Structure formats: C-alpha cells, structure tokens
Amino acid sequence: MKRNILICDDEKNIRGGLAQAMELEGYESIEAVDGRQAWEIINKTGVDLVITDLRMPNMSGEELLKKIISAYPRMPVIILTGHGTIETAVQAMRSGAVDFFTKPVDLDRLSLVVKKALSDTDLYAEHERLKEEVEQLRARNRYDRIIGKSQKMVELMDTVSQVAPTKASVLITGESGVGKELVADAIHELSNRSKGPFIKVHCAALTASLLESELFGHEKGSFTGAVKEKKGRFELADGGTIFLDEIGEIDAQTQVKLLRVLQERQFERVGGEKPISVDVRIVCATNRDLPKEIEKGNFREDLYYRLNVVHLDVPPLRERKDDIPLLMTSFLQQFNQENGRSIEAFSNQARRALLAYDWPGNIRELRNCIESAVVLARTTVIEVEDLPSHIGKAQNTGSVSLEVGITLAEAEKQLIISTLAMCAGNKTKAAEILGIGRKTLHRKLQEYHIDEA
C-alpha cells in the first residue's frame, strides 16, 4: 500500500511541484491550500506524513503543527520556509517537526528525510504492536514471566501447565541461559504448593561438604564451626518445592542421600541420628548430558530415573527466533524503567543484527545485550552501533541455522530474515538470491510480518 503525503502550501506551483516529486518516489500525494483545509483532510482521510509551509492564510503552518502534535503525536511533519522565517522554522522543530527546508526545496534531501521519517514511524508502530502482543501473552498465560509464542515454547508451557499440579519430580534440561530457573518457578507457581515455600539451591556453587549441610542441615557440634543446630533446605521446603539447579554437579555421597529422600521422604541431618520426614516436590535442572555422565560413572542411574519422571527440555534461543522481537520489547521496557531512559524502538539494522545472531548465551545474553544498549543509546532509537560489536557483525553472516522439526513456513521466514540481513535490507538483491520475484518477496514480508524498512 502506498503512503499518503499531504502537501500544504498556498502557492500552487510549489504545492504541485512537490506533489509530483512525491509521486515519482512512489507515494500518493494530497494537496491542501492552507492549514484549515489540511487539518480537515488529516481528520477525514488520514495521512502518513505532512509537508507544510509556515506562512499561509486561515491557519498557519505553526498552528497546524500544534494541532497535529496534540492529536497525532506520531505523525511526522516537515516544515517549508522562506529565508526570512528560518528562526521560526527552528522553533517549529523544537515543537515537534522532524525537519525544515528553505525554498527552493532540495528534492533529493527531501526524499531522504521523508523516507527516514516514515521509517521511524514504522519503527514506533512496530514497537507498540509488540508491546501489545507481550501484554496479551501475559494476560493469556497463568505464569507471565516466560514470554514466547513459538511452537516449541507453546508446547513447553502446555506441558508445564499439565505437570505442575502433580507430585511428579521434574528434570529440566537445556543450555546455559535458556531460562531453566524460570520454568522451575512456573512449575511451583502453577502447582497446588504455590502457597508453600519455594527453596532454590545452586549445587555448583557449594563444595561437597557444604552442599550436604545446606541440603539436610546439621546438628550442633557435628563439625568444626557447627556452633548451633541448623535446618537444611529440605526442611525449609516442607510443604512446598525445592529446586536443585545444576544437579549434575553433586558428589556421589550427596547423590546417595538425595536418592533416599526421593524413595523414603526421610533423611538425617549431618551428625544426627533422628530421621526427619518431609513433604517436598523436587524439581532439578542441568545443562549436562546426564546419560553420558552415567556412562562415565559420575552420576547414579537409579537417581537419574527418580529425578527424570517428567523431562522438560528448554529450547535454545536460536531455535525460537520468532520470540526474539517479543523478548527485545519486554527487556527494553524493563531497562527503560530501571535506568530512567526513554528509548522508544530498535532501528531496522539493529533489529536485523539481533535476529541474525545465534545467541550462544541464549536469553541471558540477549537480556544483557539489551540492558547495555539501553544504557549506551545516544538517541531514542537503539542503533546497531549501540550493540556489542560481535552482534552487530552478525547481520553479515552467510548462513542460517534451521532445526529439523520446524514447519516449512517457519524455515522460510528465518531464511528470508537472514538473507535480508546479509543484503543489508536490499530487497532486490535478496529476492535474486532467494530465486523469487521482488513482488513475491514483498508479499511474503507482509505474510510473515517482517519489517520491510
């Protein structure tokens, strides 16, 4: 669909010449002889951008600008002025105009400014659409901290909802940074134990002796430094859920004690003899391949099967790239609020770079990247220069990672996004590489909601 450009000037020749120039650029032009007529057209017809003279009868360009900024704050307005009113034009820019031109107008520069202004409008519109989509996802999901609409994430959260109300032990696997702890949070929040305690233990952060004491507690005097009795995490989690992160790191002795808890729901504190009974649901997570650890003799097979009653595998971010724009938007909102910034959108180049990158650090890496960009951005739009350099280079990659099992539509969408990124947004070149016509590419961009700018 062509964009509508409203040209408002009381001089017929200037108005007609600009209208012709805009039409040659592929836009629809609408003409108005003064501000009053322009305002009627804006309210009745709707336009995408306004080019207006300052000095006109009935309603001046200044008055028109104020009305537009008040009623349609995202509508770009470009000011035309004679040499005698440049100071007024500068003031108009301070009031919200995107740029100003002295007559006679430099048509080449005007074309660039119009294109940039419309592109910026599209960026803001896309950001608002994504914000709304994030809110809709949160409203639909009982657990709103996990954001995702990709097929894999929908299937994962469906399974979480089904498993959460049960007593079954759950083993969560996935690469570092994919959000295993958030999945554990969701299991607890959606369970019948949600009002009970949710105790987290990061097993890799503790030595073997400390881990045993942390999990099961100790009696006074059971070892040097045990100056008083201490309850362990299992006791503290009674009636709730315990989350054992990096379960693959625990030593053989602790594995034996953990197996007993799973089998008998009992244990003794370190240095104690009295059995302590608990009602605890166990959720574990690891980025290790536990079957391989079993083969190496590092992990007990019987413990593995006790823990792995339900297995949830969280996909890496590179296999759920449809979720990246939603995550970007959510993180942008969060870090704007935390840092007192007002960043409004991502540039097309930055968006392409973020989509082209494979994210070996997954969501944790994306989160850190967006936080850094929000802090370092020099304007209200995050540019590719605001991203870490290695991510900015990702858009020039010549390959795309496709997982077996995704639909043909998803594969085609990822291929189009990566090819456009490689071609720096040149749709003619991208269509040539993809072996399709430019019109076909344009249709697919609309079909898959891919930003065309």
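Anything mentioned here points back to the structure above.
Presented here is a report on the structure given in the accompanying data block. (Residues numbered from 1 in each chain as written. Predicted model: local features only at pLDDT ≥ 70, side-chain atom pairs only at ≥ 80, totals over all residues. Heavy atoms only, no water.)

## Things to note about the overall build of the protein chain
Helix and strand counts for the protein chain stand at 19 helices and 14 strands. On C-alpha atoms alone, the protein chain measures out to a radius of gyration of 30 Å, which is more than a quarter above the 22 Å that the 2.2 N^0.38 rule sets for 453 residues. Counting only C-alpha atoms, the protein chain reaches 100 × 50 × 35 Å along its principal axes. For the protein chain, the residues scored as buried account for 49% of the 453 residues in total. Contacts in the protein chain between residues far apart in sequence, at least 24 positions, make up 69% of those at least 6 positions apart. Accessible surface for the protein chain amounts to roughly 22,500 Å². Of this, 49% is attributable to carbon and sulfur atoms. (Helix = DSSP H or I, 4+ residues; strand = E, 2+ residues; numbered from the N terminus. Rg over C-alpha atoms; globule rule 2.2 N^0.38 Å. Buried < 20%, exposed > 50% of the residue type's maximum accessible area, 1.4 Å probe, protein only. Contact = heavy atoms within 4.5 Å. Areas by Shrake-Rupley, 256 points an atom, 1.4 Å probe, with all protein chains shown as cover.)

## Remarks on the nonpolar core
Soluble globular proteins: nonpolar side chains tend toward being buried together. Ranked by size, the top nonpolar core spans 40 residues in total, and within it L354, W359, L366, I370, I382 and L387 carry the most contacts. For this core, the elements supplying multiple residues, two or more each, are helix 5 (107–140), helix 13 (324–339), helix 14 (348–356), helix 15 (362–376), helix 17 (408–422), helix 18 (427–434) and helix 19 (438–447). The element contributing the most residues to this core is helix 13, with 7 residues. Beyond its immediate chain neighbours, meaning those up to four positions away, L366 contacts L317, L327, M328, F331, L354 and W359. Among the nonpolar cores identified, the runner-up in size contains 29 residues, and L244, I247, V280 and L290 belong to it. (Core = buried A, V, L, I, M, F, W, Y, C linked by side-chain atoms within 4.5 Å.)

## Some points on helix 19
Within the sequence span of helix 19, burial applies to L441, K444 and L445. Angular distribution of buried residues about the axis of helix 19 spans 105°; they occupy a single face of the element. H449 lies just past helix 19 and shows a positive phi near 55°. (Arc of directions from axis to C-beta.)

## So, the pattern of salt bridges
By the definition in use, this model includes 38 salt bridges. A salt bridge links D99 to R109; its shortest N-O distance comes to 3.2 Å. Here D99, found in strand 5 (residues 99–102), pairs with R109, found in helix 5; they are 10 residues apart in sequence, far enough to count as distant. Judged by its relative accessible area of 16%, D99 falls in the buried class. For R109, a relative accessible area of 34% corresponds to the partly exposed category. In this structure, E268 engages R260 in a salt bridge whose closest nitrogen and oxygen atoms are separated by 2.6 Å. Within the structure, one salt-bridge network assembled from shared partners comprises D9, E11, D53 and K103. (Salt bridge = Lys/Arg side-chain N within 4 Å of Asp/Glu carboxyl O.)

## Topic: the sheet that holds strand 3 (residues 49–53)
Sheet architecture is open: 5 strands sit in the order 2-1-3-4-5, paired in parallel fashion. Here the strands that pair on one side only, and so sit at the sheet edges, are strand 2 (28–32) and strand 5. Here the strands of the sheet are splayed against their neighbours by 20° on average, with no regard to which way each runs. By the bridge criterion, 4 bridges tie strand 4 (residues 77–81) to strand 5 in an arrangement that is parallel. Paired with T81 across the strands is T102, a residue of strand 5. Contacts between helix 5 and the sheet are confined to strand 1 (4–8), strand 3, strand 4 and strand 5, with strand 5 contributing the most and set at about 165° to the helix. (Pairing = 2+ DSSP bridges. Axes fitted to C-alpha atoms, helices over the stretch in contact; angles between N-to-C directions.)

## Examining unusual backbone geometry
Of note, the amide linkage connecting K103 to P104 takes the cis form, showing an omega dihedral of -5°. Among the secondary structure elements, P104 is positioned in the loop between strand 5 and helix 5.

## Quick look at the packing of helix 8 (residues 208–216) against helix 10 (residues 252–264)
Two elements in contact, helix 8 and helix 10, have axes separated by 10 Å at closest approach and are oriented at 15°. Overall, the two elements helix 8 and helix 10 adopt an arrangement that is roughly parallel. Both helix 8 and helix 10 take part in a crossing whose hand is left-handed. Between helix 8 and helix 10, the residues in contact are A208, L211, E212, L215 and F216 and Q253, T254, K257, L258 and V261, respectively. Looking at the contact of helix 8 with helix 10 residue by residue, the classes come out as 6 nonpolar, 2 polar and 2 charged. (Parallel < 35°, antiparallel > 145°, perpendicular 65-115°, else oblique. Left-handed = near helix turned anticlockwise from the far one by under 90°. Nonpolar A, V, L, I, M, F, W, Y, C, P; charged D, E, K, R; others polar.)

## Digging into the packing of aromatic side chains
A complete count under the given rule lists 7 aromatic pairs for this structure. One aromatic cluster is present, formed by F216, F234 and F267 through successive ring pairs. When the ring centre of Y124 is taken as reference, the NZ or CZ atom of R74 above it lies at 4.2 Å. (Phe/Tyr/Trp six-rings, centres within 6.5 Å; stacked < 30°, edge-to-face > 60°. Lys NZ or Arg CZ within 6 Å of the ring centre and 35° of its normal.)

## So, the packing of helix 5 against helix 13
Two elements in contact, helix 5 and helix 13, have axes whose closest approach is 9 Å; the angle formed by their N-to-C orientations is 95°. Classified by the angle their axes make, helix 5 and helix 13 are roughly perpendicular. For the pair formed by helix 5 and helix 13, the contact residues are H127, L130, K131, E133, V134, L137 and R138 on the first element and P325, L326, T329, S330, L332 and Q333 on the second. Residue composition of the contact of helix 5 with helix 13, by class: 6 nonpolar, 4 polar and 3 charged.

## Concerning the environment of K131
Mapped onto the fold, K131 is located in helix 5. Judged by its relative accessible area of 25%, K131 falls in the partly exposed class. Between the alpha carbons of K131 and D106 there is a distance of 38 Å; along the sequence they are 25 residues apart. When residues no more than four places from it in sequence are discounted, the contact partners of K131 are T329 and Q333.

## Structural notes on helix 15
Because an α-helix completes one turn every 3.6 residues, residues spaced three or four positions apart along the sequence face the same direction. With 15 residues, helix 15 ought to run about 21 Å at 1.5 Å a step, and its terminal C-alpha atoms sit 21 Å apart, in line with that. Residues N362, I363, E365, L366, C369, I370, A373 and V374 constitute the buried set of helix 15. Around the axis of helix 15, the buried residues are gathered within 170° of arc, so they sit on the same side. Contacts made by the buried residues of helix 15 are with helix 13, strand 13 (345–346), helix 14, strand 14 (381–382) and helix 16 (389–392). (Expected span 1.5 Å × (residues − 1).)

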